[in-house]
Every structure is written in C-alpha cells, then in structure tokens.
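# Report on the structure
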Amino acid sequence: MQSEIQYASLTRRGFLAVGTGTLAAIALASCTTPPRFVSPTGTAVQQAEAARGGTGRVTRVDLVAAPTQVDLAGTTADTWSFGSVPAPTIRLSAGDTLLANVRNQLPADTSVHWHGLALRNDMDGVPGATQAPIGAGEDFNYEFVAAQPGTYWFHPHVGPQLDRGLYGALIVDDPNEPLVYDDEWVVILDDWLDGVTGTPDEVLEELRGGMAGMMGGSGGHMMMGARSELLGGDAGDVFYPLYLINGRPAADPETFTSAPGKRIRLRIINAGSDTAFRVALGGHRLTVTHSDGFPVNPVDTDAILIGMGERYDALVTLGDGAFPLVAAAEGKGETALAVVRTGSGETPRATTIPELTGSVLTANDLVADPSAVLPQRTVDRELTATLSGSMMAYDWAINGRRFDPADPLAGALGVTQGERVRLLIENTTQMWHPFHLHGHTYQHAGSGPRKDTSIILPRRSLTVEFDADNPGLWAAHCHNIYHAETGMMTILGYQTA
Ligand code: C2O
Ligand code: CU
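Residues numbered from 1 in each chain as written. Chains lettered and ligands numbered in written order. Predicted model: local features only at pLDDT ≥ 70, side-chain atom pairs only at ≥ 80, totals over all residues. Heavy atoms only, no water.

## Here we look at the sheet that holds strand β33 (residues 473-478)
The five strands are arranged β26-β34-β33-β28-β31 in an open sheet whose pairing can be described as mixed. Edge positions in the sheet fall to β26 (413-415) and β31 (453-456), since each of these pairs with one other strand and no more. For this sheet, the mean inter-axis angle between neighbouring strands, taken without regard to orientation, is 20°. (Pairing = 2+ DSSP bridges. Helix = DSSP H or I, 4+ residues; strand = E, 2+ residues; numbered from the N terminus. Axes fitted to C-alpha atoms, helices over the stretch in contact; angles between N-to-C directions.)

Put into structure tokens, the structure is as follows:
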C-alpha cells in the first residue's frame, strides 16, 4: 500500500500518482510498438452486434436537441433539451432494436450516449472515439439492439452538455419480468443551474482555472465546504441553485398518484453533474432490487445513496396518505422533492424526514442475484485505472494522463476480445469519483453487484471484473462531468488480434 506522502510528492511533480510497478510497465510499453485497436465500424463490432440476434422489432423515436425554456416553479430558464426536461422516457423490450433519429438544432456539436447499455460500439455516442460529432443543423441515426433489460438513460457526450436539460430515461423491459408490481415510476434526479445562475460552459471555464482562478474572483459557481461522511469528505465542487426530480424543483413538485397497498417499482436515475443524492420516501422502507439495471439480492433500506450516472430500482408498498419522496443533495444542504399521494392529507413540504438519517444503502451492501453473477473464470488480464488530481489545480486525470480529445487513444487501456479482465480503480485524490465504464457491466469483486458506474471514495480503491465480449473503443471516466471534461477520462480499447 502506498503512503499519502508518495502520492503527494508524485502529484506535485505533475507526474503519475502511481506505484513503481506501473511505472515499470509504462517504460516497457514505450519500447514496443503501440497497440492497434479495433475500429468502431469494423467487422469485430458488426459480428458482436449480429451475435446479439434480437427480435427484429424496431422502436423508432425522434430526438430533437434544441434551445428551449423551462419553467422552474415560476422561474423561466433558458436551456437545451430534447423537447422537455427530462425527455420522454424511451421504452422497448429486451432484444428489440432502437432506431433513434437525432436532429441537432443546437448552436453546437452534440451526440447521444446510451448510458449503461452494452450496445454496438459505433452507436455509443462518443465523438472522437466512436463517431464524428453531430454538427449544428445535422442529424444522425442511432440504431442498435438493446439486448439487456434494465434501467438506463441517455445524454450527450460533448462538453458539459449533460449539465443542461439534455437527458432522459431508457427503459428496457424484460419480456419475462420476474418481479411482481402494480406500477412503476421513473425518478430522475438532477442538479440544476443552467439559465438560472449561468451556463455549464461558464462553470467549466471557472473550474478549469482551479483554485487560483477562483481567487481571481471570476467565481460564483464554486462550492466550498460541501462535506459528506458517506462520500468520505468533499461532496462536490459546484453550487446549484436548484435540485430537481423529473425536472421539477421542490417548490413545484411532481405528484405520483396511486392507492394504498399498491406495490411500485421505482427506477431511480441520477442525471446530476456534480451531486450525489440520498433518496428516501417518508414513512416507507425501500427494497432495492437492481443496481445499474442488473438484479441484486433484495435488500431493505431507509435510504439509498446514488452517485452521478448510477441507477437503482426499488420496490415499495404504499401506505395511505401523502408522502414526501426526497432526494437530499448529499453534503450540499438542499433537497429535491416529489410527492407520493394515495389518499387525503396535506401535501408534504417537509424534506427532513427520519428515513434520510436511517440506514443508507450503497453498492457495498449489495450482492449480485445468481442470474447476474459472472461465471467463475481465471483472470486473463489485470488493468489499473488510477484516478488523480485535485480541486486546487483542477487537473483530474487517469493513470497520470489528462484525456486529450485530439489524441483519444493515448494512454488507452488495452484488452483482447474473449478475456476475463480484472480492473483496479484506484482513487488517490481527496475527493470521491463516480467511475463509469461504457459498453460493459462489470461485477464488484467478491460477489458484489453488477454495475457500470461506481462510487470510489477518496484514497480507496475498487476491484471489478468483466468479460471483454463487446469489441470497440469504450470511454471510461468520472461521471462528474466537470472532472471528465478536464481530463478524468480514458479509453478501454480492444486490440486487434
Ligand atoms: Cu453517462 Cu460516458 O457517460
Ligand atoms: Cu471525479
């Protein structure tokens, strides 16, 4: 185990915050020819898509990305959206093909990424890696088989556009759904500033300057002193004036209506950019059934901690009355609110419910359902992703390298199709990061849950395993959009044989 001192001194030299083993590996690699990677449009990707088969049924959707205005409890905000915030939920059945026509009416390039889905690589929506950006005034057809049921979502993969209103839920139904419930509700959480205190591009510019820039006084979006024990310290960098559930602030909450005794499946998605949420339903316990789309052994809890990009499904049996569905912005002292109504009673406004300080579930409390366990296999390849950087310099990086969109494969992690891969995600920073891998759903080591986005606490690490069965070039990054955009991103690339 490395000491904090080693990390600190290495980082100050602006070099790798890694151990000597990794340095040796890098030295070795530089003596050999750099690996060659499969092409997102190549035959390996096409064969993998063909192997998915599918029902042949096609769900067609039109997504028009355009400037718009939203009404946030009486405040009108200019933003960008797919027509509404969130976008209408896209639903299809496992094995069906999604055909999404995206029209870009924004004054900027854009793309759509289908977060969490193991889809064909050339439809993953990462400009520079898997496609050219969709230019202003252009359109692009995304077409792919959605093989795996679960709760997913979509958002652009260009700049900090995720922090605008460009997001929605993508639900892939299981034709043989084993869970029994009366109804289901999509609950999308978001931290909001666009058109209220500025734009995400302004925030990014401020943050880029690091602490030095802030001292210079251009600030206003920076949040100092957001602390959370659950997140191991610093909770976030950005101040948001509003927190939303399904696009609505607490002063104008969405109301979910049902009847006492009904069993509801909640599909909770954190579409925020810099905020983890603690979610609870007043007067109820939640039974968590899925993490990032995949089943887990059900666990009862009072509340759930959900980082950016994560999803949890939970079952709840409703009582009689009106109840607050609360998403507390972890460490930031504000809350998002929706209302669950099954009977008479005053509409709840209170956001300080006892469940928030009861048992709070994280991914560490979960075990994969037997159907979701990766089969036993020896590991063929071990990789490390070391997260480094600081709030002070705003120099977030992976394996000592800040992602360069002009040279996306520099520093790529290489795998070969067919391998069982073990990935160590090591956080050497003073801050937590929600690490996300595209195109795969790994398993947390030691029979943990299947996930594609995981909270990595400061100075902690997480080991995950996955099968390299989806060839292509896959982004791997922090899902704090400001960390990703300033460099905490890399590519997992499949090497050619
Ligand atoms: Cu939702 Cu590359 O991410
Ligand atoms: Cu991060």
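## Let's talk about the coordination of the copper ion (ligand 2)
The protein atoms that coordinate the copper ion (ligand 2) are H433 (ND1), C478 (SG) and H483 (ND1), at distances spanning 2.0 Å. Mapped onto the sequence, the residues coordinating the copper ion (ligand 2) show the spacing H-x44-C-x4-H. With H433 in strand β28 (residues 433-437) and C478 in strand β33, this pair connects stretches of sequence that are 45 residues apart. When its relative accessible area of 2% is taken as the criterion, C478 is described as buried. (Donors = N, O, S within 2.8 Å, 3.2 Å for Na, K, Ca; no water. Buried < 20%, exposed > 50% of the residue type's maximum accessible area, 1.4 Å probe, protein only.)

## So, the pattern of salt bridges
Per the stated rule, a full pass over the model turns up 28 salt bridges. The shortest N-O distance in the salt bridge between D122 and R120 comes to 2.7 Å. Summarising the burial analysis for this pair, D122 and R120 share the class buried. Shared partners join several salt bridges into a network, and the residues in it are R91, D173, E177, E184, R265, R267 and D313. (Salt bridge = Lys/Arg side-chain N within 4 Å of Asp/Glu carboxyl O.)

## Focus: the packing of aromatic side chains
Counted under the stated rule, the structure contains nine aromatic pairs. Seen in terms of ring centroids, F82 and F154 are 5.8 Å apart; in terms of plane orientation they differ by 50°. Their pairing is tilted. One end of the pair, F82, is in the loop between β2 (75-81) and β3 (87-93); the other, F154, is in strand β7 (residues 150-155), with 72 residues separating them in the sequence. Accessibility expressed as a relative area gives 7% for F82, which makes it buried. F154 gets classed as buried once you look at its relative accessible area, which sits at 0%. One aromatic cluster is present, built from ring pairs that chain together F82, W114, F140, Y142, F144 and F154. The cationic tip of R164 hangs over the ring face of W80; the distance from NZ or CZ to the ring centre is 3.8 Å. (Phe/Tyr/Trp six-rings, centres within 6.5 Å; stacked < 30°, edge-to-face > 60°. Lys NZ or Arg CZ within 6 Å of the ring centre and 35° of its normal.)

## Considerations on the pairing of β2
The side chains of a regular strand alternate between both faces of the sheet. As paired strands, strand β1 (residues 58-72) and β2 are joined by seven bridges and run antiparallel to one another. Residue pairing in the sheet places P67 in a bridge with W80 of β2. Count of turn residues in the β1/β2 antiparallel hairpin: two residues, of which A73 carries a positive phi of about 50°.

## What to know about helix α3 (residues 43-52)
The complete set of buried residues in α3 reads V45, A48, E49 and R52. The buried residues of α3 all sit within an arc of 100° when viewed along its axis, so they share a single face. Across α3 from its buried face, at more than 90 degrees, point the exposed residues T43, Q47, A50 and A51. Backbone geometry just downstream of α3 places G53 in the positive-phi region, at approximately 65°. (Arc of directions from axis to C-beta.)

## Looking at helix α4 (residues 200-208)
Among the residues of α4, P200, V203, L204, E206 and L207 are the ones counted as buried. With its buried residues spanning 165° around the axis, α4 presents them on a single face. Where α4 ends, the next residue or the one after it, G210, has phi of about 65°, a positive value.

## Here's the deal with the side chain of E465
Within the element layout of this structure, E465 appears in strand β32 (residues 461-467). Within the local environment of E465, its side chain forms a polar contact with the side chain of R422, the two groups lying 3.1 Å apart. (Polar contact = N/O pair within 3.5 Å; in protein donor to acceptor, adjacent residues only side chain to side chain.)

## Focus on the pairing of β33
The element β33 is extensively covered by neighbouring structure, given that six of its six residues are classed as buried. Alignment of β28 against β33, held across three bridges, turns out to be antiparallel. For H436, the partnering residue across the bridge sits in β33 and is H477. Sheet analysis places β33 next to strand β34 (residues 489-494), joined by five bridges and oriented antiparallel. Looking across to β34, one finds that A476 is bridged to T490.

## Description of the environment of H115
Of note, H115 is situated in strand β5 (residues 113-115). Placed 41 residues apart in sequence, H115 and P156 show a C-alpha to C-alpha distance of 9.8 Å. Those residues in contact with H115, other than ones at most four positions away along the chain, are Y152, W153, H155, G309, R311, H436, D452, T453 and H479. Engagement of the side chain of H115 in a polar contact is seen with the side chain of H436, the distance being 3.5 Å. (Contact = heavy atoms within 4.5 Å.)

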